[in-house]
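Fold and contact review
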Amino acid sequence: MARSLSWDDLKYDLQPWIRTAVDGMGFDSMTPVQASTIPMFCGNKDVVVESVTGSGKTIAFVIPILEKIVKDVLNGSKLKKGHFYSLVISPTRELSSQIQSVYDSFLAYYPDDVCPIKSQLLVGSSASSVRDDVSSFLENRPQILVGTPGRILDFLKSVAIKTASCGVTVLDEADKLLDVSFEKEVEAILNMLPKQRRTGLFSATISSAGDQIFRTGMRNPVKIAVKSKVQNPESLSINYVVVKPQDKLQYLLHILNHIQYRKCIVYFPTCTSVTYFYSFMKHLFSTGDMNEDLGIYSLHGKLQTTSRLNTLGKFSSSLSKSVLLTTDVAARGIDIPEVDLVLQFDPPTSTEMFLHRCGRTGRANRVGKAITFLNEGREEDFVNFLEVKNIEVDEMPLTAKLMEDFADKFKAWVIQDRARFDHGIRAFVGFIRYYSKHTASSIFRLQSLDYIGVAKLYGLIRLPRMPEISKYLDNDSMPHEGWLIEPALDLDKFAFANPQMERARLDELKKVKETNDKKKLKSDLKKKNAAWSNKTSAKESKGERKVKMAQRRKAIEEKIAREEERDESEEEEDWKDMVRRSKKRKTFSQIQGDFSELC
């Protein structure tokens, strides 16, 4: 341990109970970012902190906030009702909950004989409303608020909440909070807070925020950047595997079943793909294709807050080998103990998110491994792209015995229920849209995507009608009417396993058929029931109309010809009049000239 990173050598005197808490929580030494940030942030400085994932940034702002509140309490400062001392904003509910738990861990060491210090979590959920949060705040009087931008803004708008005492504000994952998704809400929150406050911005990729950091109201901030030649921590190895799209799921299952790890996080591109592959993996337990000792969980942004936090809690506290299938909602700042493997089913749309995903393992100098799947072909250039960004990646040799009947098992599972068929199509379409938004658009090109291979990866039995497919998939590669199986299914008879959904489908199908039948029947009956005399008169009137039209056309042509002759004669006369008028003007001008000379 380097002497300079000993807590005893910190250039700031910590409160005794905070020092005890640090030891009790197992932080034997400081990280470089903590050693640099804590003295500055405790010393009334605004800070902009950039450091690799897992480097201890949360502790670097938790301790200064606690130090300030304790000093205010010891100095006899009393917090008025409806006021608070500090505010921590983070982009996700999971990260907010984690920050709140760090405060709880520290406050467990706080002396009982002093004015209590409390914190409150503010995140949107079905379990509590903004009114409930306000009521709890007024009753418990917490000095520290932690939450997400939307709920915090609604909370601060309450007339019972006063912001005048807020002395410290922290934006965790600041680059995300300052981009377009949260920019307006965060700016509105900061405008409601006192200008004379300390502000801290923390992120592994704060540089991507650019000039936006100056909109946070900081005055002469101190920039603290703890970087190395490469952006990934030394304890984290980042690897990639090149596979055919249709084999990607089998390689994923091989790694989950055979590689040694304690906890693994698998990142998928969309919420729909998480639920889709989670359902199929649960089915594979019954077929013996998944390790029965493996615990599997799913987490994504469309779940209710309570469900998300419960899932995260179960995964974190699990004592057995566990896997979490998730999206980028769990990519920033989340610190889950014993996560030693991260798998990226598809590369994210930005290099910043790539680092955040990989950073869920190899934290605090613990050994971690991150593996990214790349489709054969153009995506392999992503490796060079990362190296330009100072991210070291190595190819990982992976040999797996692929099951010959795996595709048949997948399709058989899909055909059992039309809901799975619909779910797979939504997941496939969501992936195509996700793929089109990649910042490295020269590498991740829709023109070069293997649509058939990706469709097989998602277990599709028929290609959906999409402009991307019709535009970029040539006719030779396009299956007949899009079907990927033989024989094709009769979609009118393809049923839902859910009786209620199937009844609704049949009712809808019946309505469509009745509508089409009614239109056809009405047309046929009209023709069939028409009287013979009417048909004859119709033929006669049709002939008469042709004669009348010919006569009318001839009359119009004769009229046009007469008008053209008259126009020509008029033009000739007009030309003669113009000559006569011109002569008169010359005579008149000559007479005027004579009169002027007489004068």
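Looking at an unreviewed UniProt entry, one finds the protein chain named ATP-dependent RNA helicase, with Lachancea meyersii CBS 8951 as its source organism. Recorded under Function (unreviewed entry), the UniProt text for the protein chain is reproduced unchanged: "RNA helicase." Listed in UniProt under the heading Sequence similarities (unreviewed entry), the comment for the protein chain reads: "Belongs to the DEAD box helicase family. DDX55/SPB4 subfamily."

**With respect to helix 3 (residues 57–74)**
For helix 3, spanning 18 residues, the distance from its first C-alpha to its last is 27 Å, which sits close to the expected 26 Å at 1.5 Å a residue. A large share of helix 3 lies buried, amounting to 15 of its 18 residues. Phi for Gly 76, located one or two positions after helix 3, is positive at around 85°.

**Focus: the pairing of strand 1 (residues 47–51)**
Across the 5 residues that make up strand 1, a large majority, 5, are buried. Because side chains alternate across strand 1, one face comprises the buried residues Val 47, Val 49 and Ser 51, and the other comprises Val 48 and Glu 50, equally buried. As judged from the 4 bridges shared by strand 1 and strand 6 (residues 198–203), these two strands associate in the parallel manner. Across the sheet, residue Val 49 finds its bridge partner in strand 6, namely Phe 202. Bridge analysis of strand 1 against strand 7 (residues 222–226) gives 5 bridges, and the strand direction is parallel. Of the residues in strand 7, the one forming a bridge with Val 47 is Val 222.

**Considering a negative patch on the surface**
A contiguous patch of negative charge, built from Glu 376, Glu 380, Asp 381 and Glu 395, is present on the exposed surface. Relative to the assigned elements, Asp 381 resides in the loop between strand 13 (368–375) and helix 13 (382–388). Its relative accessible area of 37% is what places Asp 381 among the partly exposed residues.

**Here's the deal with the pattern of salt bridges**
Scanning the entire structure with this criterion turns up 16 salt bridges. The closest approach of N and O atoms between Arg 332 and Asp 175, which form a salt bridge, is 3.0 Å. In this pair, Arg 332 is assigned in the loop between strand 11 (322–326) and strand 12 (339–344) and Asp 175 in helix 7 (residues 174–177), connecting sequence segments 157 residues apart. According to the relative accessible area criterion, Arg 332 is buried, its value standing at 7%. On the basis of relative accessible area, Asp 175 is assigned to the buried category, the value being 7%. Salt bridges sharing common partners tie together Asp 8, Arg 19 and Asp 23.

**Here we look at the packing of aromatic side chains**
A complete count under the given rule lists 27 aromatic pairs for this structure. A centroid spacing of 4.0 Å and a plane angle of 15° characterise the contact between Phe 280 and Phe 410, whose relative ring orientation is stacked. Of this pair, Phe 280 sits in helix 10 (residues 271–287) while Phe 410 sits in helix 14 (residues 406–415), and the two are 130 residues apart along the sequence. In terms of burial, Phe 280 and Phe 410 fall into one category: buried. Ring geometry for Phe 382 versus Phe 385: centroids 5.9 Å apart, planes at 20°, classification stacked. In this pair, Phe 382 and Phe 385 are both assigned in helix 13, 3 residues apart and thus about one turn of the helix distant. Its end group placed over the ring of Phe 41, Arg 198 keeps NZ or CZ at 5.8 Å from the ring centre. Note that Lys 321 overlies the ring of Tyr 261, its terminal NZ or CZ placed 4.4 Å from the centroid.

Scoring rules and cut-offs
- Residues numbered from 1 in each chain as written.
- Predicted model: local features only at pLDDT ≥ 70, side-chain atom pairs only at ≥ 80, totals over all residues.
- Heavy atoms only, no water.
- UniProt positions renumbered as here; feature names shortened; annotations may be inferred.
- Helix = DSSP H or I, 4+ residues; strand = E, 2+ residues; numbered from the N terminus.
- Expected span 1.5 Å × (residues − 1).
- Buried < 20%, exposed > 50% of the residue type's maximum accessible area, 1.4 Å probe, protein only.
- Pairing = 2+ DSSP bridges.
- Patch = residues over 30% accessible without salt bridge, like charges linked within 9 Å, V, L, I, M, F, W, Y side chains within 5 Å.
- Areas by Shrake-Rupley, 256 points an atom, 1.4 Å probe, with all protein chains shown as cover.
- Salt bridge = Lys/Arg side-chain N within 4 Å of Asp/Glu carboxyl O.
- Lys, Arg positive; Asp, Glu negative; His and termini not counted.
- Charge placed at Lys NZ, Arg CZ, Asp CG, Glu CD.
- Phe/Tyr/Trp six-rings, centres within 6.5 Å; stacked < 30°, edge-to-face > 60°.
- Lys NZ or Arg CZ within 6 Å of the ring centre and 35° of its normal.

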